[in-house]
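# Topology and contacts: notes
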Amino acid sequence: RPPRATPKPSSAASDVYKRQQKLMFRRLPFLLLVVTVGLSGCAFKEAPLPEPTSGPDVFLKPDTTVVEDAVPRNATLATLLASHDMPSDLAYQFVEALREVFDPRDLRSGHPYKLIYGPDGRFRRFEYHVDDDRYLQVKSLAKPTSFDAILVDYEKRREQVSMRGEINQQNNSLFAAMMTGGGDTQIAVDMAQIFSGEIDFNTEVRLGDNFTVLYERFVRDEIHITHGDILAAAFENEGRQVYGFRFEVPGEAPAYFDTEGRSLKRQFLKSPFRFDPRVTSRFSYRRLHPVLGTHRPHLGVDYGAPTGTPVIAVANGTVVSAANSGGSGNMVRLRHNNGYETYYLHLSRFAQGMRRGARVAQGSVIGYVGSTGLSTGPHLDYRIRRNGTFVNPLTELRNMPPGDPIPDEQMAAFLTVRDRAIAKMAGRQPSGDELPVATTQ
């Protein structure tokens, strides 16, 4: 039988069919998007979280135990280790191991230390703060009685600090003004020594004087701060401006020079103290003696200071004598160049090495303030004799010649250092300078 012919759709049915096809093709992108998202969700679906368990948290035991403390008074390394139950034979090996890098006798009370033990209670490491620059580290090696000891440098950040201060009613000394401005006592001492040939900070400081100082400091752990060298300083004293700039001439020790490259170092320091004693009696040919009650010459200057205050040599010299001298008490006598001699009276004791013929350097300690001999209280009677005649120490020093100036071949380098320091003290950062400058008031 021949196949039945398919009937042709009517015109109306054909129009409906075409509209359905168009609608389907319009919806096709949306359907594909729905299918894709659904499939992706199925493909990347995260695994369900585990069910929470009941019960307390489990704390893991640390793999080390750390003991931190400060060295007690009168302790030795042996007694310190014994206080932490280290066996004596082990402590002996410990001390012997560190002798090559650290003298056990240099252990200082108050210095912090740290002991670190493993989980089995076995000693691992010992750390001890030696000074502001280093700490001692002793490690246990593979053998129980074997140790390795080294001195480790602290990691520090170097900074430059510029600060200003003024002598006024509240801060009537360089020391007080420096502390109020956020500086350090050592910076004040160093600054007084730099200008010791230009200003007597015991007698010549006046209200209204002001200063600026640029110095280095080193910061460790953002807490521990140590101070380095003064790089530059300026002091205005009764309207007179003096400057000091640190510069190292090749082959010589660093020194300080004024704006023209002239040395600030004089043959004599202005004071036999490092800083800030007070003048209690001046040079006079007729003074009422506080003990004898009669008028007689006082051929020196009296500085009041507590017993034990270090007394320093004002210039390089040789010890003529260091002995008790009757009414002068314990006295050191030094001979210097150009016909000068200096005398230091009423000392409580002499510094080590003070004997006839010994050489002393400017600024070195020669004795300590006391009240020996004819004295009503602790003070230093300081005298200068030139070519056999006693002269007034407060005025004679103005006649002392300065040290050597900057050599001509180094002047250009010095001027560069000077100009950069002046810019930093003024709060400006010179171009190409790698260290930022902090400014305090």
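Use the structure listed above.
The sections below set out a description of the structure shown in this document.

The rules behind these values
Residues numbered from 1 in each chain as written. Predicted model: local features only at pLDDT ≥ 70, side-chain atom pairs only at ≥ 80, totals over all residues. Heavy atoms only, no water. Helix = DSSP H or I, 4+ residues; strand = E, 2+ residues; numbered from the N terminus. Buried < 20%, exposed > 50% of the residue type's maximum accessible area, 1.4 Å probe, protein only. Contact = heavy atoms within 4.5 Å. Areas by Shrake-Rupley, 256 points an atom, 1.4 Å probe, with all protein chains shown as cover. Phe/Tyr/Trp six-rings, centres within 6.5 Å; stacked < 30°, edge-to-face > 60°. Expected span 1.5 Å × (residues − 1). 1 Å grid on protein atoms, 1.4 Å probe; cavity = no way out; pocket = protein on both sides within 12 Å on 5 of 7 lines; lining within 4 Å. Points joined across faces, edges and corners; volume = space filled by probe spheres on them. Nonpolar A, V, L, I, M, F, W, Y, C, P; charged D, E, K, R; others polar. Core = buried A, V, L, I, M, F, W, Y, C linked by side-chain atoms within 4.5 Å. Salt bridge = Lys/Arg side-chain N within 4 Å of Asp/Glu carboxyl O. Pairing = 2+ DSSP bridges. Axes fitted to C-alpha atoms, helices over the stretch in contact; angles between N-to-C directions.

Counting its regular elements, the chain contains seven helices and 23 strands. Out of the 441 residues belonging to the chain, those deemed buried represent 40%. For the chain, the share of sequence-separated contacts (at least 6 apart) that also reach a separation of at least 24 residues comes to 60%. Put simply, the chain shows about 26,400 Å² of open surface, and 51% of that area lies on carbon and sulfur atoms.

In this structure the tally under the stated criterion is 18 aromatic pairs. Ring geometry for Phe94 versus Phe147: centroids 5.5 Å apart, planes at 70°, classification edge-to-face. Separated by 53 residues along the polypeptide, Phe94 in helix α3 (residues 88-98) and Phe147 in strand β5 (residues 147-153) bring together distant segments of the chain. Per residue, the accessibility class of Phe94 equals that of Phe147, and both read buried. Aromatic side chains Phe257 and Phe414 sit 6.1 Å apart centroid to centroid with 70° between the ring planes, which places their arrangement in the edge-to-face category. Taken as a pair, Phe257 in strand β10 (residues 255-257) and Phe414 in helix α7 (residues 411-425) lie far apart in primary sequence, 157 residues in all.

The end-to-end C-alpha separation of α7 is 21 Å, in line with the 21 Å expected for 15 residues at 1.5 Å each. Looking only at α7, the buried set comprises Phe414, Arg418, Ala421, Ala423, Lys424 and Met425. Directly beyond the C-terminal end of α7, a positive phi value near 90° is found at Gly427.

Turning to the layout of surface pockets, a few remarks are in order. Computed from the structure, the largest pocket encloses a volume of approximately 880 Å³. Together, 42 residues line the largest pocket, and Gln193, Ile194, Tyr256, Lys265 and Gln362 are the ones closest to its centre. For the lining of the largest pocket, the secondary structure elements donating two or more residues are α5 (185-194), β8 (224-237), β9 (240-247) and β10. Per-class residue counts for the lining of the largest pocket are 20 nonpolar, 11 polar and 11 charged.

Of all hydrophobic cores here, the largest spans 31 residues; its most connected members are Phe268, Val311, Leu334, Tyr344, Ile366 and Tyr382. Broken down by secondary-structure element, the contributors of at least two residues to this core are β14 (301-304), β15 (310-312), β17 (330-335), β18 (340-350), β20 (365-369) and β21 (379-386). In this structure Ile366 touches Val311, Ile312, Ala313, Val332, Leu334, Tyr344, Phe350, Ala351, Met354 and Val360, once residues within four positions along its chain are discounted.

Quick look at the pattern of salt bridges now. For the structure on display, the rule yields 21 salt bridges. With a shortest N-O distance of 2.9 Å, Arg99 and Glu96 are connected by a salt bridge. Looking at Arg99, the relative accessible area reads 45%, which means it is partly exposed. The exposure class assigned to Glu96 is partly exposed, which follows from its relative accessible area of 33%.

Of all 11 residues that make up strand β7 (residues 210-220), eight are buried, and the element is covered over most of its length. Pairing of β7 with β8 involves 10 bridges; the strand directions are antiparallel. What sits directly across from Val219, in β8, is Ile225.

Judged by pairing direction, the sheet is antiparallel, and its five strands sit side by side in the order β1-β2-β3-β4-β5 without closing on themselves. This sheet does not close on itself; its edge strands, each paired only once, are β1 (65-70) and β5. For this sheet, the mean angle separating the axes of adjacent strands, direction not counted, is 15°. Looking at chain direction, β1 and strand β2 (residues 112-117) are connected through six bridges and run antiparallel. Bridge assignment links Val67 to a residue of β2, and that residue is Leu115. Together, β3 (123-129), β4 (134-140) and β5 form the strand contacts of α3, whose direction differs from that of β5 by roughly 45°.

The next point concerns empty space enclosed by the protein. Under the defined criterion, the tally for this structure stands at one cavity of 30 Å³ or more. For the largest cavity, the calculated volume is near 50 Å³. Residue lining of the largest cavity: Asp200, Thr203, Glu204, Lys270, Pro393, Leu394 and Leu397, and that is the complete set. For the lining of the largest cavity, a count of residues per class yields three nonpolar, one polar and three charged.

It is worth stressing that arrangement in space is one thing and function is another; only the former is reported here.
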